[in-house]
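# Notes for the structure review
One-letter residues, chain by chain:
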Amino acid sequence: MKNIIYIYIALYQDAEIVRTRDPQLLSQCDVVVDVGGEYDPSRNRYDHHQRSFCETMNSLYPDKPWVTKLSSAGLVYAHFGTQILATLLGTDEEDSIIPVLYDKMYENFIEEIDAVDNGVSQFDGEQRYNITTTLSSRVGHLNPRWNEPDQDTETGFKKAMELAGTEFVSRLDFYHRSWLPARSLVEEAIRQRFQADGSGEVVILAQGGCPWKEHLFQVEKEINLEKQIKYVIYPDQSAKWRVQCVPTGPNTFQNRLSLPEDWRGLRADDLSSVSGIPGCIFVHASGFIGGNETQAGALEMARKALTS
């Protein structure tokens, strides 16, 4: 989403997409999205992870009502959405349908991405944003449009069967071959928690990408864990290490103990200087996750966060 959205703009339709965080490579790019620590539309820099970033659709366009913090997907949509819609619809940006569809697509598609990416809870008293991409809604969209002359429901029904069946089988395969085997890794990490840190509030997973949250909550409950685990440490795909906060529950972005406020949104040397920990890579602006070059560094981040 954060990258392919650009192919709908003629200027970038033949652009090469490069995935990197290397500053030298980024400096050569015409457009940088979701990395780089900069939001500067005059230079086509669209990152939202820096500490100073707080833009919303409403702050960019005061006539818009949405106050969900933008992700890089939302930033791209905010600055290029009308061009993208016009290109896809074969019209121009001045067409009267563009602003109507622009708002509708943000409210019912992009805002959900922004909110999830930034760790914004869907409910805080009042509902903050909509989620419209559920299986039920996708099946519903296969029904004939009310204004289509051919009200053939059979074709949509067959597509719905294929969609639901494929997703069911795919989900079962995931739970069987990925989710369930993760439990043993989580159990072992919890057993070894006092070797990770004397507090017993930090666990280290041997493998990255492990779906640990549900298992952790379940194991804690089963063994009547007195001290709740606050941080999980694991390797990422680039062999660096992450420290992630344990949420208060399986379906919330609220953390048991977020990373320190003065670390949030900082990167590299700035973060290492403030935290006093070498090798720091980043801490997310919302404080739910951070990174370090080494396991020892990530563990030290967790230990300092426990006492902050």
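Residues numbered from 1 in each chain as written. Predicted model: local features only at pLDDT ≥ 70, side-chain atom pairs only at ≥ 80, totals over all residues. Heavy atoms only, no water.

### Quick notes on the overall build of the protein
The number of helices and strands found in the protein is ten helices and ten strands. Principal axes of the C-alpha set define a box for the protein whose edges measure 70 × 45 × 40 Å. Every one of the 308 residues in the protein was classed for burial, and the buried ones make up 38%. When contacts within the protein are restricted to residue pairs at least 6 apart in sequence, those whose partners lie at least 24 apart make up 52%. Working note: accessible area of the protein is about 17,800 Å², and carbon and sulfur atoms make up 52% of it. Taking the average place of the 30 positive charges on the side chains of the protein and the average place of its 44 negative ones, the gap between the two points comes to 8 Å. (Helix = DSSP H or I, 4+ residues; strand = E, 2+ residues; numbered from the N terminus. Buried < 20%, exposed > 50% of the residue type's maximum accessible area, 1.4 Å probe, protein only. Contact = heavy atoms within 4.5 Å. Areas by Shrake-Rupley, 256 points an atom, 1.4 Å probe, with all protein chains shown as cover. Lys, Arg positive; Asp, Glu negative; His and termini not counted. Charge placed at Lys NZ, Arg CZ, Asp CG, Glu CD.)

### Describing the pattern of salt bridges
Tallied over the entire structure, the rule returns 15 salt bridges. We note a salt bridge from Glu-167 to Arg-138, for which the minimum N-O separation is 2.4 Å. In this pair, Glu-167 sits in helix α6 (residues 153–191) while Arg-138 sits in helix α5 (residues 135–140), placing the two residues 29 residues apart along the sequence. Here Arg-183 ties to Glu-187 by a salt bridge, and the two come within 3.0 Å at their closest N and O atoms. In this pair, Arg-183 and Glu-187 both sit in helix α6, four residues apart, roughly one turn of the helix. A single network of salt bridges, built from pairs that share partners, joins Glu-38, Asp-40 and Arg-43. (Salt bridge = Lys/Arg side-chain N within 4 Å of Asp/Glu carboxyl O.)

### Section: the packing of aromatic side chains
Under the definition given, this model contains eight aromatic pairs. Ring centres of Tyr-46 and Phe-80 lie 5.9 Å apart, and the angle between their planes is 80 degrees; this geometry places the pair in the edge-to-face category. Taken as a pair, Tyr-46 in strand β3 (residues 45–46) and Phe-80 in helix α3 (residues 72–89) lie far apart in primary sequence, 34 residues in all. Note on accessibility: Tyr-46 and Phe-80 belong to one class, buried. A ring pair is formed by Trp-66 and Tyr-106, whose centres lie 5.2 Å apart and whose planes are at 55 degrees; its orientation type is tilted. (Phe/Tyr/Trp six-rings, centres within 6.5 Å; stacked < 30°, edge-to-face > 60°.)

### Quick word on the sheet that holds strand β9 (residues 280–283)
The sheet built from five strands is open, its strands ordered β6-β7-β8-β10-β9 with mixed pairing. Two strands close off the open sheet at either side, each with one partner strand: β6 (202–204) and β9. Each adjacent strand pair in this sheet contributes to an overall mean axis angle of 20 degrees, direction not counted. Two strands pair when backbone bridges link them, and strand β8 (residues 241–245) and strand β10 (residues 289–292) are joined in this way by four bridges, in the antiparallel orientation. Across the sheet, the residue bridging to Gln-244 is Ile-289, located in β10. (Pairing = 2+ DSSP bridges. Axes fitted to C-alpha atoms, helices over the stretch in contact; angles between N-to-C directions.)

### Description of helix α9 (residues 268–275)
Residues of α9 that are buried: Leu-271, Ser-272 and Ser-275. Down the axis of α9, the sector holding all buried residues measures 100 degrees, keeping them to one side. Exposed and facing more than 90 degrees away from the buried side of α9 are Asp-269, Asp-270 and Ser-273. Its buried side turned inward, α9 meets β9 and α10 (295–307). Backbone geometry just downstream of α9 places Gly-276 in the positive-phi region, at approximately 75 degrees. (Arc of directions from axis to C-beta.)

### Points about the sheet that holds strand β1 (residues 32–33)
As summarised here, the arrangement of the three strands in space is β1-β3-β2, forming an open sheet in which the pairing is mixed. The open sheet has two free edges, formed respectively by β1 and β2 (39–40), since each of these has just one partner strand.

### Side note on a negative patch on the surface
On the surface, a cluster of negative charge is contributed by Glu-148, Asp-150, Asp-152 and Glu-154. Note on placement: Glu-154 falls in helix α6. (Patch = residues over 30% accessible without salt bridge, like charges linked within 9 Å, V, L, I, M, F, W, Y side chains within 5 Å.)

### Brief notes about the confidence of the model for the protein
Per-residue confidence for the protein gives a mean pLDDT of 91, with 97% of residues at or over 70. Taken as a whole, residues 1–7 scores under 50 in pLDDT and shows 21 contacts with residues more than four places along the chain or in a different chain. (pLDDT = per-residue confidence, 0-100.)

### What about the environment of Gly-81?
Within the secondary structure, Gly-81 is located in helix α3. In contact with Gly-81, other than residues within four places in its own chain, are Val-76 and Tyr-102.

### Brief notes about a nonpolar patch on the surface
On the surface, Leu-88, Leu-89, Ile-97 and Leu-101 cluster together into a nonpolar patch covering about 330 Å² of accessible area. Looking at the secondary structure, you find Leu-88 in helix α3.

### Some points on the packing of α3 against helix α4 (residues 97–117)
Taken N-terminus to C-terminus, the directions of α3 and α4 make an angle of 135 degrees; their axes are 10 Å apart at the nearest point. Taken as axis vectors, α3 and α4 run oblique relative to one another. The interaxial crossing formed by α3 with α4 has right-handed handedness. In this structure, α3 uses Ala-73, Gly-74, Tyr-77, Ala-78, Gly-81, Thr-82, Leu-85, Ala-86 and Leu-89 to contact α4, whose residues at the interface are Ile-97, Ile-98, Leu-101, Tyr-102, Met-105, Tyr-106, Ile-110, Ile-113 and Asp-114. Class assignment of the residues belonging to the contact of α3 with α4 gives a composition of 14 nonpolar, three polar and one charged. (Parallel < 35°, antiparallel > 145°, perpendicular 65-115°, else oblique. Left-handed = near helix turned anticlockwise from the far one by under 90°. Nonpolar A, V, L, I, M, F, W, Y, C, P; charged D, E, K, R; others polar.)

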